[in-house]
Amino acid sequence: MTNLFNKKMKRWPAWVVMLFCVVALMLIGTQRDSGPSTPQERIESISQRLACPTCDGESVYESRGAASQAIRKEIARQVADGQLTDSQIVKAIDDSYTADLKLVPGGTGFDALIWILPIVLLIVAIAGLVVVFRRWKAQGALTATDADRELVESALRQVSENRDS
Amino acid sequence: MLAVSINAAIGRGAILLGLLTCLSGIAITVAGIRKHDLRALKSAPRYAYLAFGAALLAFIMMERALITRDFSMKYVQQVGSRDTPALFNFTAVWSALEGSILLWLLALTGLIAAVARKFRARVGDELLAWAMVVLFVVGLFFFLLSFGPANPFAMGALGVNDGPGPNPLLQNHILVLFHPPILYIGYVGFTVPFAFAMAALITGRVGEGWLLETRRWTLYAWGFLTVGIILGSWWSYEVLGWSGVWAWDPVENASFLPWLTGTAYLHSVLVQERRGMLRVWNLSLVIATFSLTILGTFLTRSGVINSVHAFSAGSVGPWLLTFFALVVVVAIILIGRRGDELRSPGAIDSPLSREGAFLANNVLFSIFAFVVLLGTVFPLIVEALNNRRIVVGEPFFDRMTMPLGLTLLFLMAIAPVLPWRKASQEVLRDRLFWPAWCGVGALALSVIVGADGWASLAAFALGGFAAGAALRQIALASRRQGWRGVVGRANGGMVVHIGVIIIAVAFSASSSYTRTQEFVMNVGETVTFADHTFTFEGLSLESDDVKTSVKAAIRIDGDSVYSPARSKYIKQGMDIGTPSVKTGFVNDLYITLEGNVRTTDTEARIKIFVKPLIMWLWIGGALMALGTVLAAFPGKRRQPTAPVSADSVLTQSTTDEHV
């Protein structure tokens, strides 16, 4: 009885209901996604996109150094000004330093390789898997050797002998 | 004071002894193999014990030098101090490059001795003998490093009577005692499967024998590395003051890279054990994991990258890079030589099978490792080829690894319920139904409590889905086997999965929903933030021989007082902040004292971070460690599934021969 109920439960209408629930919940959740809500959170978010100019590989957000504090102050001033978007603030601060402060490499020139190479690897990996699975499938279709047939025949013989006895 | 320190003399002598012991171990074992001389082979363990004894003696002499304040030694002048508290004086051994190599050496030789002891009754076996040779070679390399470019026993300038002590960040938390040794055991632990893999390639016994011999060694190495990484995150959270646990710093990445390939290996090895497939792949993963530990050591200790965690630049860089290149080249040649023997006899029938899922998991982990490696070394490549300095930071890694992490969570949900060979639609529908509803439940719960953002919501939903699948497996196994339902590789693995899922969910929540506010507060002032009240009760001064600290007293919700501080380390002249954290199951309240403060100030800049689910990161980590231990217990042994029906008898006999 329980098994029957379980089987009925798991038929496709239940999966459709599940899919509907997921889509509805995701829509509700993503609709209210408004990004950083307070000026302070905007400052934190921008400071995570800039490198500390004097530290060992830390972002302005992580660093407690004097240079990072100065940049944080500048971000706070720009945010309070309300004239620029987050990306424009990042660009303005980056432009004001000779060193490259952006923590995300650009999408053009040599820097673009850092974005392209993983995608190329992904494509190659997927293509490789497709090729390998095709080869395995073909191999699977051809592997019924004489030994296989003999094995199956002996098993079948045994089954029929058992049945007879 | 003696012109030559007794500590330095004995320590250096011990390093030389270790070096010669490893050299002799290699010579005797290789000669034993060549001449089939069992007596020579039987002596190999003795060389392993002696190498360990030498490393231990060197380590003890360094500790003695630090404890007795032997400032005639350069290393003690660099990291020792008369005022350093006993605990941090003890841990000062691994607070700089030369001493950290000494700790590495101690862990490595300890492991070599453990392998020698474990297999002492079977030293006549050629596979084991070659594995010992490889272990001695690795040991020899690190003894050489310690004898030459990273000599911890060099004599210092005359007339020095005191030193600065370790870096302040290495003397303000107890985790300095645990994180580096545990992490190092994890790193060196992968030397064992590497040695057996190389031995398998040398002897041509590339079946499943070497895998079975090293199964537990690999598992423990992975477990130690996992715990080491998590303790490192905890330490960073408690000490650095920016409230984060992971910054994609090059040194963090150096530990994460072997973890990724090691995790891939732990999964793909199951396919070889069950189906006799993926032989080249598994060998490559083991070699990659070991090579990445060497590459990580190079990145951390050569001075080529900038990181707060990195050691200062030394001359070990070229040595480590050469050894890394040597390992890779020799491994490739050996794999190439065994080409045909490594060909797998089987085929994966369908992508919708357990082995298909493991293959997908391996592809994802490999791409993940590639992304992390590329992001870590890309600034070096740009500087070398374009003569420009760039920084690749957290936003890049977050953007690139997030889809990979979500896909891995999805695979964690699917893979445990998939049967070997091929899954039918009915089986999938039946087995995934309740786990999928767990995912919907997790999503609904997160929406109800106010979660937003598609990535976080997807992480919670997939986390619920994967947790449902893992719990289903544990429930089924427990129903069949009672208490053994959580023991053994498959079941213990599910406990590890639950730990990973908890960490993924907690990491996603703490990254996405951290709230921050900075307040300039007067003494006696109370502010309200995130439904909590914070009262600033004043500043106080505490000083000892090492540092002077200004502490702010912050009363939270009218209850306990928390004291973030800013400390000036007298000898280094370094000013560092120490956060104070109120830990909770739902939120952590993380408080820092900002800017330059004096006790006479009547106001202070206090920064408050509300960090959700942080405690669950540590709980998840503990579950991963527990799951690793459970997975190492012998579970119910299954018969391997034949790779192909016709070849099964032949393959089985060949495999048995080699085991």
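Above this note sits the structure.
Residues numbered from 1 in each chain as written. Chains lettered and ligands numbered in written order. Predicted model: local features only at pLDDT ≥ 70, side-chain atom pairs only at ≥ 80, totals over all residues. Heavy atoms only, no water.

(A) Broad picture of the packing of helix α12 (residues 279-301) of chain B against helix α14 (residues 354-386) of chain B. Residue and element names in this part refer to chain B. For the pair α12 and α14, interaxial distance at closest approach is 13 Å and the crossing angle is 25°. With respect to α14, the element α12 is oriented roughly parallel. The hand of the α12/α14 crossing is left-handed. Taken together, the residues of α14 that come into contact with α12 (itself represented by W281, L285, L295 and L299) are N362, S366, L373, T376, V377 and L380. Broken down by class, the residue content of the contact of α12 with α14 amounts to seven nonpolar, three polar and no charged. (Axes fitted to C-alpha atoms, helices over the stretch in contact; angles between N-to-C directions. Helix = DSSP H or I, 4+ residues; strand = E, 2+ residues; numbered from the N terminus. Parallel < 35°, antiparallel > 145°, perpendicular 65-115°, else oblique. Left-handed = near helix turned anticlockwise from the far one by under 90°. Contact = heavy atoms within 4.5 Å. Nonpolar A, V, L, I, M, F, W, Y, C, P; charged D, E, K, R; others polar.)

(B) Quick look at the nonpolar core. Residue and element names in this part refer to chain B. Membership of the largest hydrophobic core comes to 206 residues, with the highest contact counts inside it found for F142, F153, F194, F196, W210 and W259. Ranked by the residues each element gives to this core, the list is headed by helix α7 (residues 126-147), at 16 residues. Not counting the four nearest positions on each side in its chain, W210 is found in contact with L127, P193, F196, A197, A200, R205, Y265, Q272, N282, L283 and V286. The next biggest cluster of nonpolar side chains, apart from the first, holds 21 residues, and it includes V527, A552, I554 and V610. (Core = buried A, V, L, I, M, F, W, Y, C linked by side-chain atoms within 4.5 Å. Buried < 20%, exposed > 50% of the residue type's maximum accessible area, 1.4 Å probe, protein only.)

(C) Quick look at the interface of chain B and chain A. At the interface, 70 residues of chain B touch 53 residues of chain A. Buried surface at the junction of chain B and chain A, summed over both partners, amounts to about 5,400 Å²; 69% is from carbon and sulfur atoms. Counting the surface chain B buries against chain A, the share from its top three residues, W242(B), V391(B) and F433(B), is 11%. Between chain B and chain A we count two salt bridges in total. A salt bridge links R388(B) to D111(A), with the nearest nitrogen and oxygen atoms 2.7 Å apart. Looking at the side of chain B that touches chain A, the elements that each hand over two or more residues are α14, α15 (394-414), α16 (425-448), α17 (454-481), β1 (515-522) and β10 (603-612) of chain B. Top element by residues in the side of chain B that touches chain A is α14(B). It accounts for 13 residues. Partitioned by chemical class, the residues of the side of chain B that touches chain A number 40 nonpolar, 17 polar and 13 charged. (Buried area = accessible area lost by both parts, 1.4 Å probe. Salt bridge = Lys/Arg side-chain N within 4 Å of Asp/Glu carboxyl O.)

(D) How the structure looks around the side chain of E208(B). Residues and elements named next belong to chain B. By the element assignment, E208 lies in the loop between α9 (191-203) and α10 (209-239). For E208, a relative accessible area of 6% translates into the label buried. A polar side-chain atom of E208 sits 3.0 Å from a polar atom in the side chain of Q272. (Polar contact = N/O pair within 3.5 Å; in protein donor to acceptor, adjacent residues only side chain to side chain.)

(E) Highlighting the pattern of salt bridges. Residue and element names in this part refer to chain B. What the rule picks out here adds up to 24 salt bridges over all chains. The salt bridge involving E542 is made with K551; its shortest N-O contact spans 3.2 Å. On the accessibility criterion, K551 (25% relative accessible area) is partly exposed. A salt bridge links D575 to R566, with the nearest nitrogen and oxygen atoms 3.5 Å apart. Exposure remark for D575: the relative accessible area of 35% places this residue in the partly exposed category. You can call R566 buried: its relative accessible area is 8%. What you see here is one network of salt bridges that share partners, running through R122, D125, R205 and E213.

(F) View of the side chain of S350(B). On the secondary structure map, S350(B) appears in the loop between α13 (317-337) and α14. A distance of 2.9 Å separates a polar side-chain atom of S350(B) from the backbone nitrogen of L352(B). Those residues in contact with S350(B) that lie beyond four places of it in its chain are F133(A), G356(B), R421(B) and K422(B).

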